[in-house]
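# Remarks on the overall topology
Given next are the chains, with one letter for each unit.
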Amino acid sequence: MGTWLDLNGRHLPAEVSIKGYVLHNVDKPSHSNRGGGSLIYVKEKLQPQIKTKRATEKSEILHLNIQPHPGQTIKIVLVYRNPTCTAIEVEEFYNRLDIILSTPHETLIMGDFNLPHINWTTRQSQAPGSKVIDLMNTNSLQQHVNEPTRGNNILDLVMTTTDLSINGLEVTDKIGDHQMIDFSLEVQDPNTRTQHKQVLDYKRVNFELMKEELGSYNHEVLMNNKNAEECYMILKDKNATATDHHIPRKRIRPTNNPPWFSQEIERLINARQHSYRRLKRYQTEPHRQEHIHVCRAVKQTIKSTKRNKEITVAAQAKTNPKSFYKYVNDRRLKRDTIGPLVDSEGTTQTNNKSKAKILNTYFTSVFTHEDLTEIPQPHVLNTQEILSDGVFTVEEVEEQVSILNPYKSTGPDGLGPRILKETAEVADCNLWL
C-alpha cells in the first residue's frame, strides 16, 4: 500500500518490472495526500486478467482473475480502505466487494482495511468493523490473520472463500509502518476427480424391521459348539446383512462449505448471481432493485440459518460434544502447525519431511541412556492358575450397551454403537451368547 507509483509521469515501467511477472496497479486520483496506490505482481503463466481498477482519495480496489489450471478461475482482490472514509464511501466500498463476490469463483481478498477494533475470536465488532463481518458472513469468507500487523492492531487482512486454503501464514518483518504478511495459497486442480464417500443414512432407517430380521435368527443353534471368534463372525455377518437390508446409504463428497450452509442458501446465492448478470446486461433501475432485494435475502437467510445452527449445536453440547467441538474448531482463525525449523547446520527447513527429521533427532537426543550392565531380574509370577472361562450375564451386557455413545464412529467391524443401541432388544442376547 502507498506505492506512490506514477507510470504516466515520473516513473518508467522498466523501473518496476520483474521478469516473468505481470504488473497491475491502481493509483489514487491525485497525490496531494499522504500515501496512494496499490500494485500486484502475477506470474505470466497464471494468465492474469484485470477486471476492476477503482480508486478514490480514500479507497482502492484492484481485482484480477488468474487461471492456475485449465478451466479454473480464481479472483484476486487487493484493497485499501482509509480510516477516515465517510459512511457513504464505506457503503460504496463494500457494495463493490459484494459485486465482485457475486460471481461463482474462488476468491482471495487481501489488503489494509484499517479496522482495529474487531474481535476476531468471536467475529464481532461495532461499526465500521461490522461491515466487513457482514461481508464475510454473507459470502462465507474466512479471515486468516490473527497477529498484529501495525502496533497492537490487526489492520491488514487475508480473506478467502471456503474452497481455498492458506498455508504457512506468518506476520514477518516491518516495511514502513506495517508488518509484512507471508503466506502460500493452496489451489487444488478442479480436473482431479473428487472421490465420493458412501455413509449410512440414519434419517431413512427402519429399525423396527431391522430388529425383526435380527430376532428371526436362532442364534443358539447358529452358535452351538462354536468358539468365541466363530460366534463373533456369525454376529458380524448377520448384522452386516440386516444393515444392508434396512439402512440406506448416501453418497457425500468432501466440501469446505461452512456447517450452516444449506440448499436454501445455495439457491439464494445462485439467484443473486443471476440477478447480478441481468443488472450488468440491462443497467435499469428495476434490475438494480431486484439485485438489492436478493442480496438482502441472502444476508438475512445466512444470519438466521447460522443462528439456528449455533443454537442447535449449543443445545447438544452435552449429548453430542463431538459436533460442538467440530463447530468450534472450524471457526478457529489458525490451526496448530509447525513452522520452519533450523537444522544442526543452521539451514532453515520448511518441508514436512525435513522438519520431521529435525524433531526426531531432537527427541532422541534427550532420551535417558540406561546402564545396561546392571539390569534387574524380573520377578517370576505364579502362572499355574489360568482363566479359562469368563462369565457374563445378559443384564451386564445390557448395561454396557446402554452407555454406548451413539455419536461415535463405526469401527471396521461395522458394529456401530447407534445400531447396537437401537436394536438392543435383540442384540443384547446375541452379544451375550
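Calculation notes
Residues numbered from 1 in each chain as written. Predicted model: local features only at pLDDT ≥ 70, side-chain atom pairs only at ≥ 80, totals over all residues. Heavy atoms only, no water. Helix = DSSP H or I, 4+ residues; strand = E, 2+ residues; numbered from the N terminus. Buried < 20%, exposed > 50% of the residue type's maximum accessible area, 1.4 Å probe, protein only. Areas by Shrake-Rupley, 256 points an atom, 1.4 Å probe, with all protein chains shown as cover. Patch = residues over 30% accessible without salt bridge, like charges linked within 9 Å, V, L, I, M, F, W, Y side chains within 5 Å. Salt bridge = Lys/Arg side-chain N within 4 Å of Asp/Glu carboxyl O. Lys, Arg positive; Asp, Glu negative; His and termini not counted. Charge placed at Lys NZ, Arg CZ, Asp CG, Glu CD. Core = buried A, V, L, I, M, F, W, Y, C linked by side-chain atoms within 4.5 Å. Contact = heavy atoms within 4.5 Å. Axes fitted to C-alpha atoms, helices over the stretch in contact; angles between N-to-C directions. Left-handed = near helix turned anticlockwise from the far one by under 90°. Nonpolar A, V, L, I, M, F, W, Y, C, P; charged D, E, K, R; others polar. Pairing = 2+ DSSP bridges. Arc of directions from axis to C-beta. Polar contact = N/O pair within 3.5 Å; in protein donor to acceptor, adjacent residues only side chain to side chain. Expected span 1.5 Å × (residues − 1).

Moving on, we get to the overall build of the protein. Each helix and strand counted, the protein has 13 helices and 14 strands in total. In the protein, which comprises 433 residues, the share counted as buried stands at 32%. Element-wise, carbon and sulfur atoms account for 51% of the exposed surface of the protein, whose accessible area totals about 28,300 Å².

A surface patch of like charges, here negative, comprises Glu395, Glu396, Glu398 and Glu399. Here Glu395 lies in helix H11 (residues 394-402). For Glu395, a relative accessible area of 54% gives the class exposed.

Right, let's talk about the nonpolar core for a bit. Tyr94, Leu97, Phe113 and Val132 are the most contacted members of the largest nonpolar core, which has 40 residues in total. If you list the elements that add at least two residues to this core, you get strand E2 (38-43), strand E4 (59-66), strand E5 (74-81), helix H2 (87-101), strand E6 (106-112), helix H3 (129-139), strand E8 (156-161) and strand E9 (165-175). Among the elements that line this core, the one with the most residues is H2, at six residues. Filtering out sequence-adjacent residues up to four positions away, Phe113 remains in contact with Val79, Arg81, Phe93, Tyr94, Leu97, Val132, Leu155, Leu157 and Met159. Core analysis: the next-biggest nonpolar cluster, separate from the first, contains nine residues, Trp260, Val294, Val313 and Tyr327 among them.

Our next topic: the packing of helix H4 (residues 207-215) against helix H6 (residues 228-246). How two helices pack is summed up by the angle between their axes together with the distance between the axes. Look at H4 against H6: their axes get within 10 Å of each other, and the N-to-C directions meet at 150 degrees. Considering only the axes of H4 and H6, their crossing is right-handed. Residues Leu209, Met210, Glu213 and Leu214 of H4 form the contact with H6, whose own contacting residues are Lys238, Asn239, Thr241, Ala242, Thr243, His245 and His246. Its residues assigned to classes, the contact of H4 with H6 shows four nonpolar, five polar and two charged.

Taken in spatial order, the six strands make up an open sheet running E3-E4-E5-E6-E8-E7, and their pairing is mixed. Of all strands in the sheet, those with a lone pairing partner are strand E3 (49-55) and strand E7 (141-143), marking the two edges. Going from strand to strand, the sheet's axes swing by 15 degrees on average, the running direction of each strand aside. Where E5 and E6 come together, seven bridges link them in parallel fashion. Counted as the bridge partner of Val77 is Ile109 from E6. Running over the sheet, H2 touches E3, E4, E5, E6 and E7 and is turned about 175 degrees from E5. Docked against the sheet, H3 engages E7 and E8, running at close to 130 degrees with respect to E7.

With respect to the helices and strands, Glu266 occurs in helix H7 (residues 263-282). For Glu266, a relative accessible area of 40% translates into the label partly exposed. Distance from Glu266 to Val298, taken between C-alpha atoms, is 9.2 Å for residues 32 residues apart in sequence.

This part is about H4. All of the buried residues along H4 are Phe207, Met210, Lys211, Glu213 and Leu214. All buried residues of H4 project into a common sector of 160 degrees when viewed along the axis, lining one side. Along H4, exposed side chains directed more than 90 degrees from the buried face belong to Glu208 and Glu212. Looking at where H4 begins, the residue whose side-chain oxygen comes 3.3 Å from the main-chain nitrogen of Glu208 is Asn206.

It is worth spelling out a nonpolar patch on the surface at this point. Together, Tyr362, Phe363, Val366 and Phe367 make up an exposed nonpolar region whose accessible area comes to about 450 Å². Along the chain, Phe363 falls in helix H10 (residues 352-365).

By the bridge criterion, seven bridges tie E9 to strand E10 (residues 178-186) in an arrangement that is antiparallel. Its bridge partner being in E10, Val171 is matched across the sheet by Ile181. A loop of two residues connects E9 with E10, the two strands running antiparallel in sequence, and Gly176 in this loop sits at a positive phi of about 65 degrees.

The terminal C-alpha atoms of H10, which comprises 14 residues, lie 20 Å apart, in line with the 20 Å expected from a rise of 1.5 Å per residue. Tucked into the core, H10 has its buried residues touching strand E13 (341-342) and strand E14 (348-349).

Turning to unusual backbone geometry, a few remarks are in order. A positive phi angle is found at Gln47, which is not glycine, with a value near 50 degrees. Looking at where Gln47 falls in the secondary structure, it is placed in the loop between E2 and E3. Of note, Gln283 is a non-glycine position whose phi angle comes to about 55 degrees, a positive value. Residue classification places Gln283 among the exposed residues on the basis of a relative accessible area of 55%.

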